[in-house]
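Structural overview for review
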Protein chains: 2
Amino acid sequence: MNKPLILVTNDDGVMAPGIRHLVKYMIELGEVVVVAPDKPQSGMGHAVTITNPLRLEKITVDGDHDEYSCSGTPVDCVKLGVKVVLKRKPDLLVSGINHGANSSINVIYSGTMSAAIEGAMEGIPSIGFSLLDYRFDADFTQSERFIKAIALNTLKYGLPKGICLNVNIPAVKHDMIKGVKICRQARGNWDESFDHRNDPRGKDYYWLAGRFDLHENSNETDEWALADNYISVVPTQFDLTAHDLIPEITKWTFDVEQR
Amino acid sequence: MNKPLILVTNDDGVMAPGIRHLVKYMIELGEVVVVAPDKPQSGMGHAVTITNPLRLEKITVDGDHDEYSCSGTPVDCVKLGVKVVLKRKPDLLVSGINHGANSSINVIYSGTMSAAIEGAMEGIPSIGFSLLDYRFDADFTQSERFIKAIALNTLKYGLPKGICLNVNIPAVKHDMIKGVKICRQARGNWDESFDHRNDPRGKDYYWLAGRFDLHENSNETDEWALADNYISVVPTQFDLTAHDLIPEITKWTFDVEQR
């Protein structure tokens, strides 16, 4: 039997420690091809490059598998990987391991998860992995066993078209990790502020700051699982329709004279 | 009674004809403040600027309402508008009018819609408007009556927290528009290819190309409504959880030894 073909990407850039660990783990499970951004692309969401050309550079990092550095966003990397680099559709796409959490609503801002969602849109079983530690030298080794197990399950059972997994990993030692919880994204939002500063020429600038506010205490959520030292796995899709609201809004009339 | 406070943004840039028309229509409905990107930001999805400072410049375009040009993404514009520019929470956020469609899965790539989704995340009734005409000199006047009616309904009835509206407008004369259909986002995807070219120095580059493939023929979708010359209104939310799949994946075991 052929080894499964695994496309690896991320949003912290191809040289980030998180993706280097993920590559190492995936090489044990299949044939790995890496297509990842040439620079950090955190917070890029589902951005795609349409008005500029993209560069793709073959690089050698740590092994003899194929690796490419791409000038675009994580979503660009997936599109180029699937349409230009790979000769056949990959059996699995993994994105990460992100330096920092992508739980709750952060999924929508996340380049890591947008790459996985793009994979799902292409019908590829896809997983985004994130570790709850923003540091460059975060310890990505503690969850190795779980990362492989989640990837193996996904290879074995597949995922329905359009669904990917959002996996977040608590930043604790491996013997503290209680297991894996399948859950939903928690309701919360960012209570944001902007630092208002002056540059050396006296001109104003603003820098985004803020604090995450969790709005619920349900034990069905990723935030709850992570706080209890579980790895959270949220099945994730891209239909943004608020189906429940269609009947309600259908009652509106669209006549300007109503004022 | 105070006039409603309306925050206007877009992704084509503050000087694009689409937003200039939207500003003109909204001035008839309330007190308008504009915070929009200083350059085109199409395809930026839900990107947010976290590793760079943001600039905000007060500009004067066509009237005595407040306008700001922002160096960031559409989502940055909403965050800065709400947290820095406005003294109180706006009663309505409108984004657009986009030059080009944001129906079906395009909602996830769209800067226009990400601004509206960000508004919804902040609890602001929000609407993204898009015209199915990519041209700079598209005719944005034909749907004026409907744009105002949808905005007025939203001001009157509000929207549940976390829900915004994705409004797409067929590019036809006003007397051809049959009305407004409340619908869901159609299933489809981009059948993409990359043009592989060489730059003047002989170096490879790739440019995204492609064709949209509609995967269904249901009369409940935005694509169906638009093809029939209706304005499509999709209530849109940001919970990406695939709730139906949670029980299924909960059956997986996470033991590496299963191989």
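Rules of the game
- Residues numbered from 1 in each chain as written.
- Chains lettered and ligands numbered in written order.
- Predicted model: local features only at pLDDT ≥ 70, side-chain atom pairs only at ≥ 80, totals over all residues.
- Helix = DSSP H or I, 4+ residues; strand = E, 2+ residues; numbered from the N terminus.
- Rg over C-alpha atoms; globule rule 2.2 N^0.38 Å.
- Buried ≥ 20, exposed ≤ 12 C-beta atoms within 10 Å, placed from the backbone.
- Contact = placed C-beta atoms within 7 Å.
- Pairing = 2+ DSSP bridges.
- Axes fitted to C-alpha atoms, helices over the stretch in contact; angles between N-to-C directions.
- pLDDT = per-residue confidence, 0-100.
- Least-squares fit on C-alpha atoms with pLDDT ≥ 70 in both.
- Nonpolar A, V, L, I, M, F, W, Y, C, P; charged D, E, K, R; others polar.

Helix and strand counts for chain A stand at six helices and eleven strands. The C-alpha radius of gyration computed for chain A amounts to 20 Å, which stays within 12% of the reference 18 Å derived for 259 residues, consistent with globular compactness. Referenced to the eigenvectors of the C-alpha coordinate spread, the extents of chain A come out at roughly 65 × 50 × 40 Å. Counting every position in chain A, which comprises 259 residues, the buried fraction comes to 52%. Sequence-distant contacts, at least 24 apart, represent 77% of the contacts inside chain A between residues at least 6 apart.

Okay, the sheet that holds strand 2 (residues 31-37) of chain B next. Residue and element names in this part refer to chain B. Reading across from one edge, 3-4-2-1-5-6-7-11-8 is the order of the nine strands in this open sheet, with mixed pairing throughout. Strands with a single pairing partner mark the edges of an open sheet, and in this sheet they are strand 3 (56-59) and strand 8 (179-182). For this sheet, the mean angle separating the axes of adjacent strands, direction not counted, is 20°. Of the pairings in the sheet, the one linking strand 1 (residues 5-9) to strand 2 comprises four bridges and is parallel in character. By the bridge assignment, isoleucine 6 is partnered in strand 2 with valine 32.

Take the sheet that holds strand 7 (residues 164-169) of chain A next. Residue and element names in this part refer to chain A. Here we have nine strands laid out as an open sheet, ordered 3-4-2-1-5-6-7-11-8, and mixed in their pairing. Each edge of the sheet is formed by a strand with only one pairing partner; in this case those strands are strand 3 (56-59) and strand 8 (179-182). Neighbour-to-neighbour, the strand axes of this sheet turn through a mean angle of 20°, independent of strand direction. Across four bridges, the pairing between strand 1 (residues 5-9) and strand 5 (residues 92-99) is parallel. In the strand pairing of strand 5, leucine 7 is matched with leucine 93. Strand contacts of helix 3 (residues 111-121): strand 1, strand 5, strand 6 (126-131), strand 7 and strand 11 (230-236), with the helix running at about 170° to strand 6, the strand carrying the most contacts.

Right, let's talk about the pairing of strand 9 (residues 188-198) of chain A for a bit. Residue and element names in this part refer to chain A. Here strand 9 pairs with strand 10 (residues 204-214) via eleven bridges, running antiparallel. Bridged to glutamate 192 within strand 10 is glycine 210. Taking the residues between adjacent antiparallel strands as the criterion, strand 9 and strand 10 are bridged by five residues, where glycine 202 takes a positive phi near 85°.

Of all eleven residues in helix 3 of chain A, eleven are buried, a share of seventy percent or more. Of the residues flanking the end of helix 3 of chain A, it is glycine 123 of chain A, one or two places downstream, whose phi is positive at about 80°.

Another aspect to go through is the confidence of the model for chain A. Taken as a whole, chain A shows an average pLDDT of 93; of its residues, 98% reach a score of 70 or greater. Note on the complex model: pTM 0.91, ipTM 0.87.

Once turned by 180° and shifted 0.0 Å along the axis, chain A lies on chain B with an RMSD of 0.0 Å. Overall, the copies show the geometry of a two-fold rotation axis. Taken as a fraction of all interface residues of chain A, those also at the interface in chain B reach 100%, which identifies the copy contact as same-surface.

Residues and elements named next belong to chain B. The buried fraction of strand 11 (residues 230-236) amounts to seven of the seven residues, a majority that puts the element mostly inside the structure. Alternating positions in strand 11 separate into two faces, Tyr230, Ser232, Val234 and Thr236 on one and Ile231, Val233 and Pro235 on the other, with burial throughout. For strand 7 (residues 164-169) and strand 11, the ladder comprises five bridges, and the chain directions are antiparallel. Across the sheet, residue cysteine 164 finds its bridge partner in strand 11, namely threonine 236. Strand direction decides the pairing type here: strand 8 and strand 11, joined by four bridges, are parallel. Along strand 11, the bridge assignment pairs lysine 181 with serine 232.

Every contact between the two is made by 70 residues of chain A and, on the other side, 70 residues of chain B. Here the residues of the side of chain A that touches chain B sort into 41 nonpolar, 18 polar and eleven charged.

Residues and elements named next belong to chain B. Along the chain, aspartate 76 falls in helix 2 (residues 74-85). Separated by 28 residues in sequence, aspartate 76 and valine 48 have C-alpha atoms that sit 5.7 Å apart. Beyond its immediate chain neighbours, meaning those up to four positions away, aspartate 76 contacts Val48, Thr49, Leu54 and Cys70.

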